[in-house]
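Per-entry structural report
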Amino acid sequence: MRHLTIALLIALLPLSAAAKTATEKGLAIIEEADRRDTGWTDAKANMRMILRNAQGQESERELRIQTLEGRDDGDKSLTVFDSPKDIKGTAFLSYTHALEPDDQWLYLPALKRVKRIASANKSGPFVGSEFAYEDLTSQEVEKYTYKWLRDETVDGREYFVIEAYPAYEYSGYTRQVVWLGVCSGRN
């Protein structure tokens, strides 16, 4: 069973109204996190991806990501690779949808072609990394069902631990375990 563990650092205040079931509590926590993550409009980031193989050899990739927040649907993002030379100019465009399959395209400069990523192939490897295409989309609340597992403290920080089960039949994951940081009122 393939599963992904994601550590998210989203500040959340403890929920004032206790949910009755683990499913209701998980959904309530995720909805509150989503509500608090609304209104940022756009974001840009320069990143470095380091790939390590089984022998410990490393290769580096530099990339830029630009994201626009969606209001009535999912977010739109553009990822462009700047290095190394063999993938420079490779671009990935993603339009995430809340209730239908995402739209994704990959531009391959060596071929001077745009390849549409099929909605049934989102679990394929992204540009030779361990990331899947579905890892690079925004996490819309409606795409999953949720279950609160526990509260946990790691290195003095409190977290909600929640399981997310994809509603999308072609997901490469059977479940994800998500840690959401709890805001305790201190910095």
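Whatever comes next refers back to the structure up there.
Residues numbered from 1 in each chain as written. Predicted model: local features only at pLDDT ≥ 70, side-chain atom pairs only at ≥ 80, totals over all residues. Heavy atoms only, no water.

Further remarks concern the nonpolar core. Grouped together as the largest cluster of nonpolar side chains are 12 residues: I29, I30, A33, V141, Y144, Y146, F160, I162, A164, V178, L180 and V182. Taken together, the elements giving at least two residues each to this core come down to α1 (22-36), β8 (144-154), β9 (157-166) and β10 (175-182). Listed in part, the 11 residues of the second largest apolar core include L51, F81, V127 and Y133. (Core = buried A, V, L, I, M, F, W, Y, C linked by side-chain atoms within 4.5 Å. Buried < 20%, exposed > 50% of the residue type's maximum accessible area, 1.4 Å probe, protein only. Helix = DSSP H or I, 4+ residues; strand = E, 2+ residues; numbered from the N terminus.)

Here we take up the pairing of strand β7 (residues 113-116). Sheet analysis places strand β6 (residues 103-108) next to β7, joined by four bridges and oriented antiparallel. Across the sheet, Y107 pairs through a bridge with V114, a residue of β7. (Pairing = 2+ DSSP bridges.)

In this section: the packing of aromatic side chains. Counted under the stated rule, the structure contains five aromatic pairs. With a centroid separation of 5.8 Å and 40° between ring planes, the pair formed by F81 and F126 is classed as tilted. Remark: F126 occurs in the loop between β7 and β8 and F81 occurs in strand β4 (residues 76-83); sequence separation between them is 45 residues. The same class applies to F81 and to F126, which are both buried. Between Y144 and Y146 the ring centres are 6.2 Å apart and the planes differ by 50°, which places this aromatic pair in the tilted class. We classify Y144 as buried; its relative accessible area is 11%. Under the relative-accessibility criterion, Y146 is labelled buried at 8%. These aromatic residues form a ring-pair network of at least three members: F81, F92, F126 and Y133. Sitting above the plane of the Y95 ring, K76 keeps its charged end 4.5 Å from the centroid. (Phe/Tyr/Trp six-rings, centres within 6.5 Å; stacked < 30°, edge-to-face > 60°. Lys NZ or Arg CZ within 6 Å of the ring centre and 35° of its normal.)

Oppositely charged side chains can pair when the atoms bearing their charge come close. As enumerated under the stated definition, the model contains nine salt bridges in all. A salt bridge links R150 to E152; its shortest N-O distance comes to 2.7 Å. Residue classification places R150 among the partly exposed positions, given a relative accessible area of 35%. Put simply, E32, R35 and R36 are held in one network by salt bridges that share partners. (Salt bridge = Lys/Arg side-chain N within 4 Å of Asp/Glu carboxyl O.)

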